[in-house]
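Topology and contacts: notes
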Amino acid sequence: MNRKERMLDLFFEIIGLFIMSIGIHSFIVPANIAPGGVSGIAIMIQYLWGAPIGFMTLLMNIPIFLLSWKRLGKKYTLQSLGAVLLSSVILDYVITPWFPVYTGERLLGTLYGGILAGAGLGLVFSRGFSTGGTDAICFLLQLKFPQIPIGKMLMLVDGLVLASSVLVFHNIEAGLFGVVALFCQTKVIDSIVYGSEHGQMFFIVSEKNMAIKDRILGEVDRGATLLKAVGAYTMEEKEVLLCAASKSQFTQIKRIVKEIDPDAFFIVTEVSQILGEGFKSVMDDTL
């Protein structure tokens, strides 16, 4: 089973890098945009001096890997190095010589480029691999500045690349279209890595939790959990009703709470994935 899993990991990694390379070569490069990351810098270098994108991506990752070997560990560095080597070969020697480029509407190229790049990266990330680049840079920076969230660091690094693309391509649209491509890429990555099991978590504090629980079980067909809690102000013991449901059931649950106890304390938070009874099984989550 371990060997089968490793072969499956390699298969998804190759397919993911293949799709990502098509998005870069056929759509992103002709649109003259650089949607963040080391690959975005490589695209700008190719535009200015004609250097191969895959080779430049690998070259710029070398100092990052030297730092990550010591700071982030051997396993992370070797996996990232393997992914970058593979993507460089696929992009420069398989996709670029043989695949056509899209020369139509720039917005359409931006959208498809972001979607394909996101789909490819999503497959790579879903198998536990990393492509190094800005991810590794942000991890290294967080070791130096732990008070800054990783998400903000990614936004900062990608923002600098997008701002630079405006100067390199000599038009503001390059940065604007780059933001669109980056947005599409991020959304597709999230949908693949976390699956389509997005949902919502409900925390309900009410004196009538039992009645609310019965209505949710009977009408919405969702389970619920009663959690013991203590009010910080009154120091009285209370029960918090915890319930996970799909987004389409939000209105139904909200109506039930409103009808039974209009004074209930009702918290709704979005969750990226829900697995288990009543939802997709953990065993079926193959990616």
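Quick look at the structure, then.

So, how was this worked out
- Residues numbered from 1 in each chain as written.
- Predicted model: local features only at pLDDT ≥ 70, side-chain atom pairs only at ≥ 80, totals over all residues.
- Heavy atoms only, no water.
- Helix = DSSP H or I, 4+ residues; strand = E, 2+ residues; numbered from the N terminus.
- Contact = heavy atoms within 4.5 Å.
- Core = buried A, V, L, I, M, F, W, Y, C linked by side-chain atoms within 4.5 Å.
- Buried < 20%, exposed > 50% of the residue type's maximum accessible area, 1.4 Å probe, protein only.
- Axes fitted to C-alpha atoms, helices over the stretch in contact; angles between N-to-C directions.
- Parallel < 35°, antiparallel > 145°, perpendicular 65-115°, else oblique.
- Left-handed = near helix turned anticlockwise from the far one by under 90°.
- Nonpolar A, V, L, I, M, F, W, Y, C, P; charged D, E, K, R; others polar.

With respect to the helices and strands, the residue Gly133 is situated in helix H6 (residues 133-144). When the C-alpha positions of Gly133 and Val84 are compared, they lie 8.8 Å apart, and in sequence the two are 49 residues distant. Not counting residues within four places of it along the chain, the set of residues in contact with Gly133 comprises Val38, Asn61 and Ile64.

Attention now moves to the nonpolar core. Counting 36 residues, the largest nonpolar core has Ile24, Ile43, Ile53 and Phe169 as the members making the most contacts within it. Of all the secondary structure elements, the ones that give two or more residues to this core are helix H1 (2-28), helix H2 (37-49), helix H3 (53-71), helix H4 (74-98), helix H5 (106-126), H6, helix H7 (150-169) and helix H8 (172-193). For Ile43, the contacting residues outside a window of four places in its chain are Ile24, Ile28, Val29, Ile33, Ile53 and Phe169. Listed in part, the 13 residues of the second largest apolar core include Phe202, Ile204, Ala245 and Ile253.

This next bit is on the packing of H1 against H4. Between two packed helices, what matters for the description is the angle formed by their axes and the separation of those axes. For the pair H1 and H4, interaxial distance at closest approach is 9 Å and the crossing angle is 50°. One finds that H1 runs oblique with respect to H4. Regarding H1 and H4, the two cross each other, and that crossing is right-handed. Taken together, the residues of H4 that come into contact with H1 (itself represented by Glu13, Ile14, Leu17, Phe18, Met20, Ser21, Ile22, Ile24 and His25) are Gly82, Ala83, Leu86, Ser87, Ile90, Leu91, Val94, Ile95 and Thr96. Here the contact of H1 with H4 is composed, by residue class, of 12 nonpolar, 5 polar and 1 charged.

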